[in-house]
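# Reading the structure
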Amino acid sequence: MKISQVIDTLNQWAPPAYQESYDNSRLIVGDPNTELTGVLISLDCIETVVEEAIRKGCNLIVSHHPIVFKGLKSFTGKDYVERTVIKAIKHDIALFSIHTNLDNIPSGVNRKIADTIGLTDCKILAPKNQTLIKLTTYIPSDDTDAVLEAVHAAGAGQIGNYEHCSFSVEGTGSYRATEEATPHLGTVGEKHQEKENRVEVILPSYRQNKVIQALKKAHPYEEVAYDLIALQNTNHEVGAGMIGYLVKPMPTLDFLQHLKDQFNLSVIKHTTIHTDTIQKVALCGGAGSFLLNTAKASGSDIFITGDFKYHEFFDAENSIIIADIGHYESEVFTKELIYDHLTEKIPNIAVNFSEENTNPVNYF
């Protein structure tokens, strides 16, 4: 098996198009065509993780956080980023990161946190827009089902928990084939009218090329007429953070203890406890202070995340409890998330958990 096959599996799950603009989720080091010897999964990729991969015979490290966020202008080993990259290159170890694109899908990092807490009825906290396209095309009536089947197979027509979604209306198409044409229906030089269906389907923008290729391959016409329209609609399947509910309200202090137990925490930084019980929970893995206003507007009792700054705690204003459990602590279970997906999709490869604690923060 090639390294590229593992990467393709991960990219199909968490499309790179869903990463944030500042991110660098991709193959950072290595040749994707190299034969795979083993996968090591880690939250961070640092020198000690590369050394662990060497010991375990793994030539692919899949990390949540990218080791490279911005351009490197030298490779002299002057900092941990350069030293990590140099060591990986020396030992032919590929480095791949799956970061905010894994944060932004409904089965990703935030769902893992929600499941660890025990939340139900989970939804994206801050859904994105401008990630959907509407395709409109015109298909002869007898061929409509076959063409629709092809574009659905390519990734069009999924709306929430419904698939193969489309709209069609019957009409009449007309054309006259020139001498250079090879018409599927009609005669060269003569005007032809054909019963056609105007068909509309919605698709994620990153699947545009694949869907159009499928349309052209399945469509009987030599020249396929179609329109692509970018939509402003909110895509509730993509976005930051998550909201969910406890099965029944829990006393606030009991819930905080529950968090400590489930996430192996030594401490939780939190704002004033102004409510007796917790039921509706907002959360975001990693650094989530940018979602505080959205969490407040959602009516959640508590917002669980990491990396809140001192003055940002004041912004809770007793309308929500902020519970800062730490960046590493909120995301460390991402290793299990990636492991479970890879072993389900590719059961015949060696996948290992990193045993390195890469948390740079310690508590005395």
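Please refer to the structure higher up on the page.
To start, this report covers the structure provided alongside it. Being a predicted model, the structure only gives us computed values, none of them experimental.

## Observations concerning the overall build of the protein
- Assigned secondary structure in the protein consists of eleven helices and 15 strands.
- Each principal axis of the C-alpha distribution contributes one length, and for the protein these read about 85 × 55 × 40 Å.
- Nonlocal contacts in the protein, meaning residues at least 24 apart in sequence, comprise 72% of its contacts between residues at least 6 apart.
- Entry remark: accessible area of the protein is about 18800 Å², with carbon and sulfur atoms responsible for 48%.

## Remarks on the sheet that holds strand β1 (residues 27-29)
- One open sheet accounts for five strands, arranged β1-β4-β3-β2-β15; its pairing is mixed. The two strands at the open ends of the sheet, each matched to only one other strand, are β1 and β15 (351-353). On average, each strand axis in the sheet is tilted by 25° relative to the strand beside it, whichever way the strands run.
- Here three bridges tie strand β2 (residues 39-42) to β15, and the two strands are oriented parallel to one another. Across the sheet, Val 39 pairs through a bridge with Val 351, a residue of β15.
- Sheet strands touched by helix α2 (residues 47-56): β2, β3 (60-63) and β15. Its angle to β2, the strand with the most contacts, is close to 150°.

## Let's talk about the pairing of β3
- Both faces of β3 are covered, namely the face carrying Leu 60 and Val 62 and the face carrying Ile 61 and Ser 63.
- Bridging between β2 and β3 involves four bridges; their strand directions are parallel. Within β3, the residue paired with Ser 42 across the bridge is Ser 63.
- Running through α2, the crossover from β2 to the neighbouring parallel element β3 is right-handed.

## Comments concerning the packing of α2 against helix α3 (residues 80-90)
- One way to put it is that α2 packs onto α3 with a least axis distance of 9 Å and a crossing angle of 15°. As summarised for this structure, α2 and α3 are arranged roughly parallel, according to the angle between their axes. Taken as a pair, α2 and α3 cross one another with a handedness that is left-handed. Between α2 and α3, the residues in contact are Glu 47, Val 50 and Glu 51 and Tyr 80, Arg 83, Thr 84, Lys 87 and Ala 88, respectively.
- Across the contact of α2 with α3, the residue classes break down as three nonpolar, one polar and four charged.

Definitions and limits used
Residues numbered from 1 in each chain as written. Predicted model: local features only at pLDDT ≥ 70, side-chain atom pairs only at ≥ 80, totals over all residues. Heavy atoms only, no water. Helix = DSSP H or I, 4+ residues; strand = E, 2+ residues; numbered from the N terminus. Contact = heavy atoms within 4.5 Å. Areas by Shrake-Rupley, 256 points an atom, 1.4 Å probe, with all protein chains shown as cover. Pairing = 2+ DSSP bridges. Axes fitted to C-alpha atoms, helices over the stretch in contact; angles between N-to-C directions. Buried < 20%, exposed > 50% of the residue type's maximum accessible area, 1.4 Å probe, protein only. Right-handed = clockwise from strand over helix to strand, strands pointing away. Parallel < 35°, antiparallel > 145°, perpendicular 65-115°, else oblique. Left-handed = near helix turned anticlockwise from the far one by under 90°. Nonpolar A, V, L, I, M, F, W, Y, C, P; charged D, E, K, R; others polar.

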